[in-house]
Amino acid sequence: MSHRTVTWRVRPIQRCAPVAARLLAIAAAACAFTSLANGQSNENEPVQKPDAIQAKKPDPENGRAVARALCTNCHMIGDQPNSAVNADVPSFVAIANIHDQSAERISNWLHNAHGPMPNAHLTRKELGDVAAYIMSLRQPKP
């Protein structure tokens, strides 16, 4: 039996280094661009300012205005309907009082088009506002 010495050839790292350096530079540039686009010029600044957090809070009054503009042809939204309302279409009060109903469920329902109900193409803020308005119509249980 003869003993052979096995030697392994290792590829030089120099071939991979330029590609890795380019990828790292692209990733750093993307992070810098994202920070600038978001208006974050300093790492010590908070990510969100307090007034920006307030702006995200749903506004039921705006939701009422959106609902009056888009939904009153089919739904009774709490006031007298603008036109004859189909008896098979639930009122906003009835929707609000569904067992385990939540603003999140309403928002998700409105986000996806369903059956005869058209897709209103609402923004996320409008979805939240309309859902908050509908939930404001919820009646306390006796």
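A quick note: this is a predicted structure, and the numbers were derived from the prediction, not measured.

1. Side note on the environment of Pro 58
Link 1 in the chain: Among the secondary structure elements, Pro 58 is positioned in the loop between α2 (50-55) and α3 (60-70).
Link 2 in the chain: Judged by its relative accessible area of 43%, Pro 58 falls in the partly exposed class.
Link 3 in the chain: In this structure, the C-alpha to C-alpha distance between Pro 58 and Lys 125, residues 67 residues apart in sequence, is 7.0 Å.
Link 4 in the chain: Leaving out residues up to four positions away in the same chain, Pro 58 has contacts with Gly 128, Asp 129 and Ala 132.

2. Quick word on the environment of Cys 74
Link 1 in the chain: Structurally, the position occupied by Cys 74 is in the loop between α3 and α4 (92-96).
Link 2 in the chain: With 16 residues separating them in the primary sequence, Cys 74 and Pro 90 have C-alpha atoms 8.8 Å apart.

3. Observations concerning the confidence of the model for the chain
Link 1 in the chain: Averaged over all residues, the pLDDT of the chain equals 75, while 56% of them reach at least 70.
Link 2 in the chain: Model confidence for the chain, summarised as mean pLDDT per element, is weakest for α2 at 52 and strongest for helix α6 (residues 124-136) at 95.
Link 3 in the chain: Scored below 50 in pLDDT, residues 40-48 makes 5 contacts in the model with residues more than four places away or belonging to other chains.

4. Here we look at the pattern of salt bridges
Link 1 in the chain: A full pass over the atoms with the stated rule returns 1 salt bridge.
Link 2 in the chain: The partner of Lys 125 in a salt bridge is Asp 129, and the shortest N-O contact between them spans 3.2 Å. One end of the pair, Lys 125, and the other, Asp 129, are both in helix α6, 4 residues apart, so they sit about a helical turn from each other.
Link 3 in the chain: Under the relative-accessibility criterion, Asp 129 is labelled buried at 1%.

5. So, α6
Link 1 in the chain: With 13 residues, α6 ought to run about 18 Å at 1.5 Å a step, and its terminal C-alpha atoms sit 18 Å apart, in line with that.
Link 2 in the chain: For α6, the complete set of buried residues consists of Leu 127, Gly 128, Asp 129, Val 130, Ala 131, Ala 132, Tyr 133 and Ile 134.
Link 3 in the chain: Of the surrounding elements, those touching the buried residues of α6 are α3, α4 and α5 (103-111).

6. Quick look at the packing of α5 against α6
Link 1 in the chain: The interhelical angle for the contact between α5 and α6, taken along N-to-C directions, is 130°, at an axis separation of 8 Å. Classified by the angle between their axes, α5 and α6 sit oblique to one another. Our pair here, α5 against α6, has a crossing hand that is right-handed. Contact with α5, carried on its side by Ala 103, Ile 106, Ser 107, Leu 110 and His 111, involves Leu 127, Gly 128, Val 130, Ala 131, Ile 134 and Met 135 of α6 and no other residues of that element.
Link 2 in the chain: When grouped by side-chain class, the residues that make up the contact of α5 with α6 number 8 nonpolar, 3 polar and no charged.

7. Quick word on the nonpolar core
Link 1 in the chain: Membership of the largest hydrophobic core comes to 16 residues, with the highest contact counts inside it found for Ala 67, Ile 77, Phe 92, Ile 106, Val 130, Tyr 133 and Ile 134.
Link 2 in the chain: Taken together, the elements giving at least two residues each to this core come down to α3, α4, α5 and α6.
Link 3 in the chain: Considering every element that reaches this core, the biggest residue donor is α6, with 5 residues.

8. Let's talk about the side chain of His 75
Link 1 in the chain: Inspection of the secondary structure assignment puts His 75 in the loop between α3 and α4.
Link 2 in the chain: A relative accessible area of 12% means that His 75 is categorised as buried.

Calculation criteria
Residues numbered from 1 in each chain as written. Predicted model: local features only at pLDDT ≥ 70, side-chain atom pairs only at ≥ 80, totals over all residues. Heavy atoms only, no water. Helix = DSSP H or I, 4+ residues; strand = E, 2+ residues; numbered from the N terminus. Buried < 20%, exposed > 50% of the residue type's maximum accessible area, 1.4 Å probe, protein only. Contact = heavy atoms within 4.5 Å. pLDDT = per-residue confidence, 0-100. Salt bridge = Lys/Arg side-chain N within 4 Å of Asp/Glu carboxyl O. Expected span 1.5 Å × (residues − 1). Axes fitted to C-alpha atoms, helices over the stretch in contact; angles between N-to-C directions. Parallel < 35°, antiparallel > 145°, perpendicular 65-115°, else oblique. Left-handed = near helix turned anticlockwise from the far one by under 90°. Nonpolar A, V, L, I, M, F, W, Y, C, P; charged D, E, K, R; others polar. Core = buried A, V, L, I, M, F, W, Y, C linked by side-chain atoms within 4.5 Å.

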